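# Observations on the model geometry
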Amino acid sequence: MSDPAILALQANDPSFDNVWEEIIWRGLVHVSTDESELRELLGGEPITYYCGFDPTAASLHLGNLVQLLLMRRLQLAGHRPLGLVGGSTGLIGDPRPQAERTLQTKDVVAEWVGYIQGQVSRFLSAEGDNAVTLVNNLDWTEKMGVIDFLRDVGKYYRVGTMLKKDAVSARLNSDAGISYTEFSYQVLQGMDFLELYRSYGCVLQTGGSDQWGNLTSGTDLIHRAEGVSVHAIGTPLITNTDGTKFGKSEGNAVWLDPTLTSPYALYQFWLNTDDSDVVARLKVFTFLTRAEIERLAEAVATEPFRREAQRTLAIEVTSLVHGQRATAAAVLAAQALFGQGNLADLDQETLEAALRELPNTTTAPHAPVAQLLVDTGLTASLSEARRAISQGGVYLNNVKVLTDTETIEGAVLPSGVAVLRRGKKTLAGVFVE
RNA sequence: GGCGAGUUACCCAAGUGGCCAAAGGGAUCUGACUGUAAAUCAGACGGCGUAGCCUUCGUGAGUUCGAAUCUCGCACUCGCCA
């Protein structure tokens, strides 16, 4: 599944003498167990570590990418990754702050497990002494009976401690409350760590800092059950300086699956990163060295209008996720569509290829523009389309559309295509038959 | 099991019989300014071939000329008591 060509290009920065120092510099550690022990552990002989991904959707998203890349950095330092996909924990659902999760059917979760395993394996090498091993917690929880669960695991858990976890107490203090199902989640995740400790000698779990309660659930359980101290690293929640949520595009999650978020859309997402965020993103989401990132930081400070850091970031991350060919296509599309020149003067083949990267639709020449906005997904309804047009926010081949009854007849380019734009940078392609 | 409080549009949150498609804030979108940036300012923000109609205020029934607002049943949530 993994692309050896991409993985081969990745390396940790040799200017750090320990991967621990590097992940600290990259801002990947928000909380952890004992720091000096971790530094020693990560700088020494190969250890086995794990990170879990619950199948709560058909694809992982950018938030998960942080974890995947942290795993990869540890693997590059010689350690052995276990990629856990939560076939059982995904059936239970970890408590979200706002509300109870809707349970998905077992069939759906099983299907998602397959997709996510595929994605996890893309980012980690399957070769060498420290090849990634994929595990599924359904393998050890499904066959366990309730009585064994309560006797062998439940006894190690104190309800008082469980209630104090942020995820639980936040819900107890909200109108939503919490079901026994979600309350139990932390126990399941603790069991995972214990199981992986026993069968693989796994001594480190990584995850988002919002999972800290679940991470310590495991370290505490292992301490009680085995009398051994193991470790956990919690990565910071990635935030935007302007206060909006990171990883959302028009309110939707940015997915790693190219059918859910196209390579072009992913490229655009990164290209639009704020100046004030771009350096931090380069550290977390690329394998560029400290020296390279420092040079780009300098470029942001001295000539921000060139947006070199954003361009580099966009190319790096898109390549990481979708490979270099898809990235090259996204870059070409962006150049064609955002270039200065007249669209009619463009090489029509390049333009067509660019439009295929965008949301697009095929239509007859007399179709009104308002309808095309809906067909391409640029607006959610005809009302919204008319509103956008009346606000002067819709362009056909870079010419402002004046009335919502206007058709694309006459605007069609020689190759039988037209470029529809909403606002400054939301584009769609129209193919006329 | 008993008592009390609650369920409003993407989120938070006003509204307690007509002036409510529903205040305000956030998010989002558009315009101006720009660097496919941020900040700022302005406008928009249920649907519909658009000054009118349709659907929405947990859910089902009802009262009324008229309900998000009143009554009853049901579901769910929170708190206190048992």
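Residues numbered from 1 in each chain as written. Chains lettered and ligands numbered in written order. Predicted model: local features only at pLDDT ≥ 70, side-chain atom pairs only at ≥ 80, totals over all residues. Heavy atoms only, no water.

What counts, and what does not: UniProt positions are given in the numbering used here, feature names are shortened, and annotations may be inferred rather than shown by experiment.
For chain A, an unreviewed UniProt entry supplies the name Tyrosine--tRNA ligase and the organism Cryobacterium psychrotolerans. Listed in UniProt under the heading Subunit (unreviewed entry), the comment for chain A reads: "Homodimer." Under the heading Catalytic activity (unreviewed entry), UniProt records this for chain A: "tRNA(Tyr) + L-tyrosine + ATP = L-tyrosyl-tRNA(Tyr) + AMP + diphosphate + H(+)".

## Thoughts on the overall build of chain A
Test applied: Counting from the N terminus, the helices are DSSP H or I runs at least four residues long and the strands are E runs at least two residues long. As defined in this context, the radius of gyration uses C-alpha atoms, and a globule is described by 2.2 Å times the residue total to the power 0.38. Relative accessible area decides the class of each residue, using a 1.4 Å probe on protein chains only: under 20% of the type maximum gives buried, over 50% gives exposed, and in between gives partly exposed. In this description, contact between two residues means that some pair of their heavy atoms is separated by no more than 4.5 Å. To be clear on the numbers: accessible area is Shrake-Rupley with a 1.4 Å probe, and residue cover counts the displayed protein chains and nothing else. Residues scored as positive are Lys and Arg, those scored as negative are Asp and Glu, and His as well as the terminal groups of each chain are ignored. To locate a charge, take atom NZ for lysine, CZ for arginine, CG for aspartate or CD for glutamate.
Counting its secondary structure elements, chain A contains 21 helices and 13 strands. Scaling as 2.2 N^0.38, a compact globule of 433 residues should have a C-alpha radius of gyration of about 22 Å, and chain A matches this with 25 Å. Dimensions of chain A, computed from C-alpha atoms along their principal axes, come out at roughly 75 × 50 × 35 Å. Burial analysis of chain A (433 residues in total) assigns 48% to the buried set. Across chain A, every contact between residues at least 6 apart in sequence was considered, and the portion connecting residues at least 24 apart equals 74%. Of the roughly 20500 Å² of accessible surface on chain A, a fraction of 50% belongs to carbon and sulfur atoms. Each charge class in chain A can be summarised by its mean position, and for the 36 positive and 52 negative side chains these summaries are 4 Å apart.

## A word on the sheet that holds strand 6 (residues 231-235)
Inclusion rule: Strand pairing follows a simple DSSP-based rule, namely that at least 2 bridges must link the two strands. Here an angle of 0 to 180 degrees is reported between the N-to-C directions of two axes, which are lines fitted to C-alpha atoms, with helices fitted over the stretch in contact.
The six strands lie next to each other as 1-6-5-2-3-4, forming an open sheet whose pairing is mixed. The open sheet terminates on both sides in strands that have one partner only, identified here as strand 1 (31-32) and strand 4 (133-136). Sheet analysis places strand 2 (residues 48-53) next to strand 5 (residues 202-208), joined by four bridges and oriented parallel. The partner of Tyr-50 across the bridge, within strand 5, is Gln-205. Contacts from helix 3 (residues 35-43) reach strand 1, strand 5 and strand 6 within the one sheet, and its direction differs from that of strand 6 by about 100 degrees.

## Let's talk about the packing of helix 14 (residues 263-271) against helix 17 (residues 308-322)
The cut-off we apply is this: The handedness criterion is simple: a crossing whose near helix is rotated anticlockwise from the far helix by less than a right angle is left-handed, and one whose near helix is rotated clockwise is right-handed. We call Asp, Glu, Lys and Arg charged. Ala, Val, Leu, Ile, Met, Phe, Trp, Tyr, Cys and Pro are nonpolar, and the rest, Gly among them, are polar.
Where helix 14 contacts helix 17, the axes come no closer than 8 Å and their chain directions differ by 145 degrees. The chirality of how helix 14 crosses helix 17 is right-handed. Of the residues in helix 17, those in contact with Pro-263, Leu-266, Tyr-267, Trp-270 and Leu-271 of helix 14 are Gln-310, Arg-311, Leu-313, Ala-314, Ile-315, Val-317, Thr-318, Val-321 and His-322. Looking at the contact of helix 14 with helix 17, its residues break down into 10 nonpolar, three polar and one charged.

## What about the pairing of strand 2?
Our working definition: With its strands directed away from the observer, a crossover is right-handed exactly when the path from the first strand over the helix to the second travels clockwise.
Most of strand 2 is tucked away, with five of its six residues classed as buried. Of the strand pairs in this sheet, strand 2 and strand 3 (residues 80-85) are connected by six bridges, and their pairing is parallel. Note that in strand 3 the partner of Gly-52 across the bridge is Leu-84. Remark: the strand 2/helix 4 (residues 62-76)/strand 3 crossover connection has right-handed handedness.

## A few points about the pairing of strand 12 (residues 417-422)
Within strand 12, five of the six residues are buried, which leaves it mostly tucked inside the rest of the structure. Bridge count for strand 10 (residues 394-396) against strand 12 is three bridges, and the pairing is antiparallel. Counted as the bridge partner of Val-394 is Arg-422 from strand 12. Here strand 12 pairs with strand 13 (residues 426-432) via six bridges, running antiparallel. Residue pairing in the sheet places Val-417 in a bridge with Phe-431 of strand 13. The loop that links strand 12 with its antiparallel partner strand 13 comprises three residues; one of these, Gly-423, has a positive phi angle of about 70 degrees.

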